[in-house]
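Structure at a glance
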Amino acid sequence: MRISEKLAEMMNEQFGNEMGASMQYMQIAAYFDGRSLPKFAEFFYAQATEEQEHAMKFLHYLLDIGAEVFIPAIEAPVYEIADTAASFQMSLDWENEVTAQIYALMDTAMEEKDYAAQNFLQWFVTEQVEEVASMETLLDVVKRVGEKNLFMIESYLVRGEETPAA
Ligand code: FEO
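Anyway, here's the lowdown on the structure attached to this text.

**With respect to the packing of aromatic side chains**
- Tallied over the full model, the rule gives 13 aromatic pairs.
- Relative to phenylalanine 88, the ring of phenylalanine 40 has its centre 6.1 Å away and its plane inclined at 70°; by these criteria the two rings are edge-to-face. Residue phenylalanine 40 is found in helix 2 (residues 38-64), and its partner phenylalanine 88 is found in helix 3 (residues 84-111); the two are separated by 48 residues along the sequence. The pair formed by phenylalanine 40 and phenylalanine 88 is uniform in burial state, with each residue classed as buried.
- For the pair phenylalanine 120 and phenylalanine 124, a centre-to-centre distance of 5.4 Å together with 65° between the ring planes defines the contact as edge-to-face. In this pair, phenylalanine 120 and phenylalanine 124 are both assigned in helix 4 (residues 115-145), four residues apart and thus about one turn of the helix distant. Comparing phenylalanine 120 with phenylalanine 124 shows no difference in burial state: the two are buried.
- An aromatic cluster of three or more residues is present, and its members are Tyr25, Tyr31, Phe32, Phe40, Phe43, Phe44 and Phe88.

About the thresholds
Starting from 1, residues in each chain are numbered consecutively following that chain's sequence as written. Per-residue local features are limited, in this predicted model, to residues with pLDDT of at least 70; the limit for side-chain atom pairs, both in listing and counting, is 80 or more; totals at the level of whole chains, interfaces and linings are taken over all residues. Hydrogen atoms and water are omitted, and side-chain values are computed over all heavy atoms in the structure. Stacked, edge-to-face and tilted labels apply to pairs of Phe, Tyr and Trp rings (six-membered ring for Trp) whose centres lie within 6.5 Å, assigned for plane angles under 30 degrees, over 60, and everything in between, in that order. Under the DSSP-based scheme used, a helix requires at least four consecutive residues in state H or I and a strand at least two consecutive residues in state E, with every element numbered from the N terminus. Three exposure classes are used, based on accessible area relative to the maximum for each residue type with a 1.4 Å probe and protein chains only: buried under 20%, partly exposed in between, and exposed over 50%.

Next comes the structure, spelled out in structure tokens:
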């Protein structure tokens with residue numbers, strides 16, 4: 001096994017954290033889907049898929065370096081979502097948390113001089129910058145536009161898709 005036990009354990013945990021993020025985004029997508037906001041639902045379904053892909057990167061990395069995969073228990077997502085702004089705030093908080101988890105992994109990889117793990121984790125460091133920035137922007141826009149106008153934007157977008165191009 002070309003990884004310390006500690007780092008392998010942390011990576012297994014991170015598989016769970018990424019799957020937890022996926023489930024939370026799926027829950028938020030369902031919230032929007034159930035409220036006739038398909039564009040927001042689509043965005044969060046896509047986020048959920050991305051998080052599953054992140055989890056799979058950890059699983060494959062562990063296998064590639066000859067470590068064992070132990071899929072951990074994954075906490076149920078938060079079901080109560082007050083409104084659109086709350087869903088984006090929740091997502092931003094989640095992404096900040098994931099960033100801290102990735103940094104903790106990187107700290108350990110650096111302490112252990114595990115260069116392969118550092119290289120692998122660098123992708124996540126970059127990805128988190130993008131994910132936090134995009135959630136911050138969306139939260140900002142949602143707060144500015146307000147709940148009522150969000151619905152109008154959605155209706156407009158859906159109508160646009162249904163109308164054949166001239
Ligand atoms: Fe995989 Fe959005 O953290």
